Amino acid sequence: SIVSNDIQNDPLEPLALALDIRNAVINCQGDITGFVVAVAKGGLGNYVYSLVDASGNPIAIGVQATSGTFTELPAGTYHIKVVSGDCEFTSQAVTITEPLTALAATFTAVPVTCNGNGDGKIIINAAGGTGVIKYAISPDMDQFVTDNTFQNLKPGFYDVVVQDQNGCFILFNDIEITEPPVIVSAVVS
């Protein structure tokens, strides 16, 4: 017999994953904004990606926005598993971190002392978050300061933003500064 065709099979490239974990950080505690991008190579193609725990059990959180892109992930440790035909590969652990404490704030509105004085105050007590906390008050909501007390306020309603260096913020709407009524005197005869 004669061999009419010399067929050679190239060896199959091993299945592997490249991970983009630049956004595997959550800026504000409790948010679900972490995401990981996995790109497979090798194997037989037609990749199917999934999130798994350390034991290989599927994790049903987050969203697989596109094949290999996992979004809306909370803080935690994940592995990405890819299957290609009868080949599979599981990545090393990917840990999504978040700040240790959430940004928290309360306010105290101090009324104007006498009608017409315009000496009201809003005092913000803030803690947690990340780094330096800054404050802004309406109408200049884009001008942040590090002083937590707004002084010389006239009667009215004010909005205040409290923000940390990661952009986590708390918005207080319609904080009212009041003033006492005008003192009216009358001569009684």
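Only a predicted model underlies this, so the values are computations on that prediction, with no experimental measurement involved.

Rules used in this analysis
- Residues numbered from 1 in each chain as written.
- Predicted model: local features only at pLDDT ≥ 70, side-chain atom pairs only at ≥ 80, totals over all residues.
- Heavy atoms only, no water.
- Helix = DSSP H or I, 4+ residues; strand = E, 2+ residues; numbered from the N terminus.
- Buried < 20%, exposed > 50% of the residue type's maximum accessible area, 1.4 Å probe, protein only.
- Phe/Tyr/Trp six-rings, centres within 6.5 Å; stacked < 30°, edge-to-face > 60°.
- Core = buried A, V, L, I, M, F, W, Y, C linked by side-chain atoms within 4.5 Å.
- Contact = heavy atoms within 4.5 Å.
- Pairing = 2+ DSSP bridges.
- Axes fitted to C-alpha atoms, helices over the stretch in contact; angles between N-to-C directions.

Caption draft 1: Highlighting unusual backbone geometry. With an omega of 10°, the peptide bond running from Ser 138 to Pro 139 counts as cis. Considering the arrangement of structural elements, one finds Pro 139 in the loop between strand 11 (134-137) and strand 12 (149-153). Even without a glycine there, the phi angle at Asn 46 is positive, about 50°. Secondary-structure assignment places Asn 46 in the loop between strand 2 (34-41) and strand 3 (48-52). Exposure remark for Asn 46: the relative accessible area of 72% places this residue in the exposed category. Here Glu 72, not a glycine, exhibits a phi torsion of approximately 55°, which is positive. Following the sequence through the fold, Glu 72 ends up in strand 5 (residues 69-73). With a relative accessible area of 42%, Glu 72 lands in the partly exposed category.

Caption draft 2: Layout of the packing of aromatic side chains. The tally for this structure, following the rule as stated, stands at two aromatic pairs. Residues Tyr 47 and Tyr 49 carry aromatic rings whose centres are separated by 6.4 Å and whose planes lie at 55° to one another, so their mutual orientation is tilted. A residue is classified by how much of its surface remains accessible, and Tyr 49, at 9% relative accessible area, is buried. Ring centres 5.0 Å apart and planes at 70° place the aromatic pair Phe 107 and Phe 172 in the edge-to-face group. Of the two residues, Phe 107 sits in strand 9 (residues 104-110) while Phe 172 sits in strand 14 (residues 169-177), which places them 65 residues apart along the sequence. Look at Phe 172 and you get buried, because its relative accessible area is 14%.

Caption draft 3: Highlighting the nonpolar core. Formed by 19 residues in total, the largest nonpolar core has its most connected members in Ile 122, Ile 124, Ile 137, Leu 153, Val 160, Val 162 and Phe 172. Elements with a contribution of two residues or more to this core: strand 10 (120-127), strand 11, strand 12, strand 13 (156-163) and strand 14. Ranked by residue count, the leading element in this core is strand 14, at four residues. In contact with Ile 122, other than residues within four places in its own chain, are Phe 107, Thr 108, Ile 137, Asn 148, Thr 149, Phe 150, Leu 153, Tyr 158, Val 160, Ile 175 and Ile 177. Membership of the second largest hydrophobic core comes to 16 residues, among which are Ala 40, Phe 70, Leu 73 and Val 82.

Caption draft 4: Fine view of the sheet that holds strand 4 (residues 63-66). Spatially, 1-2-5-4 is the arrangement adopted by the four strands of the open sheet, whose pairing is antiparallel. Unpaired on one side and paired on the other, strand 1 (16-20) and strand 4 mark the two borders of the sheet. Pairs of neighbouring strands in the sheet enclose a mean axial angle of 30°, with direction left out of account. Bridge count for strand 4 against strand 5 is three bridges, and the pairing is antiparallel. The partner of Thr 66 across the bridge, within strand 5, is Thr 69.

Any functional reading would require information that these geometric values do not contain.
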